[in-house]
Amino acid sequence: MAKIIDGKAIAQEIRKEIKERVEELKARGKQPGLAVVLVGNNPASQTYVRMKEKACQEVGMYSEVHRLPEETSEEELLTLIDQLNANEKIHGILVQLPLPEHIDEKKIIDRILPEKDVDGFHPVNVGNLFTNTARFVACTPRGCIELLDRMGVEIEGKKAVVIGRSNIVGKPVAMLLLHRNATVTLCHSRTADLKKECLDADILVVAVGRPEMITGDMIKEGAVVIDVGINRLEDGRLVGDVHFESAKEKASMITPVPGGVGPMTIAMLLLNTLEACE
Ligand SMILES: NC(=O)C1=CN([C@@H]2O[C@H](COP(=O)(O)OP(=O)(O)OC[C@H]3O[C@@H](n4cnc5c(N)ncnc54)[C@H](OP(=O)(O)O)[C@@H]3O)[C@@H](O)[C@H]2O)C=CC1
Ligand SMILES: Nc1nc(=O)c2c([nH]1)NC[C@@H]1CN(c3ccc(C(=O)N[C@@H](CCC(=O)O)C(=O)O)cc3)C=[N+]21
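Calculation rules
Residues numbered from 1 in each chain as written. Chains lettered and ligands numbered in written order. Predicted model: local features only at pLDDT ≥ 70, side-chain atom pairs only at ≥ 80, totals over all residues. UniProt positions renumbered as here; feature names shortened; annotations may be inferred. Helix = DSSP H or I, 4+ residues; strand = E, 2+ residues; numbered from the N terminus. Contact = placed C-beta atoms within 7 Å. Near = placed C-beta within 6 Å. Nonpolar A, V, L, I, M, F, W, Y, C, P; charged D, E, K, R; others polar. Pairing = 2+ DSSP bridges. Domains from an automatic or database assignment.

Peer 1: Can you tell me about the UniProt feature "domain: Tetrahydrofolate dehydrogenase/cyclohydrolase catalytic" (unreviewed entry) in the protein chain, naming the residues and giving the values?
Peer 2: UniProt annotation of "domain: Tetrahydrofolate dehydrogenase/cyclohydrolase catalytic" (unreviewed entry) refers to residues 5-119 when read in the numbering used here. Overall, residues 5-119 shows 50% helix and 16% strand. The separation of its end C-alpha atoms is 24 Å.

Written out as structure tokens, the structure reads:
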């Protein structure tokens, strides 16, 4: 029976640590500031943006949310990015993804100053991650590693298997595990024998976006399972990419959904913003 990794509690602890560091900065006349940009009315995005705003307030950071209509043009959004780049109160800029179809995401991300890119999506930050000289690492991947560290999971020398190769989660998480001297396998939709790869994993990170796809029979006895997936079912339930009930019989530790990686993502956003200011 696996130990449950309480991401919510660990994220809360990190937020407490951040709050203390914000207070120290404030005593020296500095306040970290985050700008969040939301285009359109995607309900999930609206929820996430509210959570980010609330988290900033709780740790004493300055925050501003720019809510723009769905029909905002690329040019208008670029102008806003330029203003935020030049704004001294703002140390971090986050443009909530996905953006509406008519806006080129890459063009927008490329315009954010790398030193304000607290999402870690700018090519400069991605490149620095590759060479292990990163300043800003994407929040979700950083949150996964932080969970392992705080749970005392040894990474060096372990077989780590990552399922999913997106630029936002899979690839950066694999790179971070590699830098920590794990032996890394990166799986995707064309992987020939996914079950076989999974059964090899001491550390299994799942970021696919398919509800409860990874079941207990795919998990090695004693493995540590990090479930990044967030899937809203038709009945309203929120589930991960891992079938929690069967997986927890095999794993030694496992993250729940909700209450696992999700809260860590927001904590790491605050941490990146704090570090941008420091
Ligand atoms: N907790 C958090 O803070 C966050 C959670 N998420 C969640 O994580 C999940 C993944 O997100 P994201 O990385 O953006 O998703 P993407 O859709 O960008 O990527 C999914 C990846 O999974 C792979 N995949 C799809 N089907 C299979 C399959 N049957 N077998 C093996 N691999 C498969 C795809 O392979 P291929 O490349 O071959 O198409 C792709 O690489 C989602 O549920 C998302 O909601 C995302 C961001 C933050
Ligand atoms: N530029 C950008 N940066 C992001 O980091 C980013 C993004 N765009 N677009 C969408 C994804 C998704 N994401 C989540 C953040 C918090 C939770 C989270 O806190 N989830 C709670 C549950 C929340 C709920 O109840 O819906 C939990 O897992 O316990 C989840 C997902 C950040 N993303």
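Now, onward.
Peer 1: An account of the UniProt feature "binding site: NADP(+)" (unreviewed entry) in the protein chain is needed here, citing residue identities and associated values.
Peer 2: Sequence positions flagged by UniProt for "binding site: NADP(+)" (unreviewed entry) are, in local numbering, Gly164, Arg165, Ser166 and Ile230. Of note, Gly164 is situated in the loop between strand 5 (159-163) and helix 7 (170-179). The contact partners of Gly164, leaving out residues within four places of it in the chain, are Val169, Gly170, His188, Val206, Ala207 and Val208. Tracing the chain through its elements places Ser166 in the loop between strand 5 and helix 7. If sequence neighbours within four positions are ignored, Ser166 has contacts with Lys171 and Ala207.

Peer 1: Give a detailed account of the site of ligand 1, specifying residues and quantitative values.
Peer 2: Taken together, 25 residues surround ligand 1, and among them Gly164, Ser166, Ser189, Gly209 and Thr265 come closest. Among the elements that line the shell around ligand 1, the one with the most residues is helix 10 (residues 261-277), at three residues. Classifying every residue of the shell around ligand 1 gives 10 nonpolar, 12 polar and three charged.

Peer 1: Before we move on, can you summarise the sheet that holds strand 1 (residues 3-4) with the specific residues and values?
Peer 2: Spatially, the six strands line up as an open sheet ordered 1-11-8-7-5-6, and their pairing is parallel. Of all the strands in the sheet, just strand 1 and strand 6 (183-187) have a single pairing partner and so form its edges. In this structure, strand 5 lies alongside strand 7 (residues 203-206), joined through four bridges in parallel fashion. Looking at the pairing, Ala160 lines up with Ile203 of strand 7.

Peer 1: Kindly report on the site of ligand 2, identifying the contributing residues and their values.
Peer 2: Residues in contact with ligand 2 amount to 18 residues; listed here are only the nearest, Leu97, Pro258, Gly259, Gly262 and Thr265. Looking at the shell around ligand 2, the elements that each hand over two or more residues are helix 2 (43-59), strand 4 (92-95) and helix 10. Here the shell around ligand 2 takes four residues from helix 10, the largest share from any one element. Looking at the shell around ligand 2 residue by residue, the classes come out as 12 nonpolar, five polar and one charged. When residues of the shell around ligand 2 are sorted by domain, at least three fall in each of domain 1 (31-113) and domain 2 (139-262).

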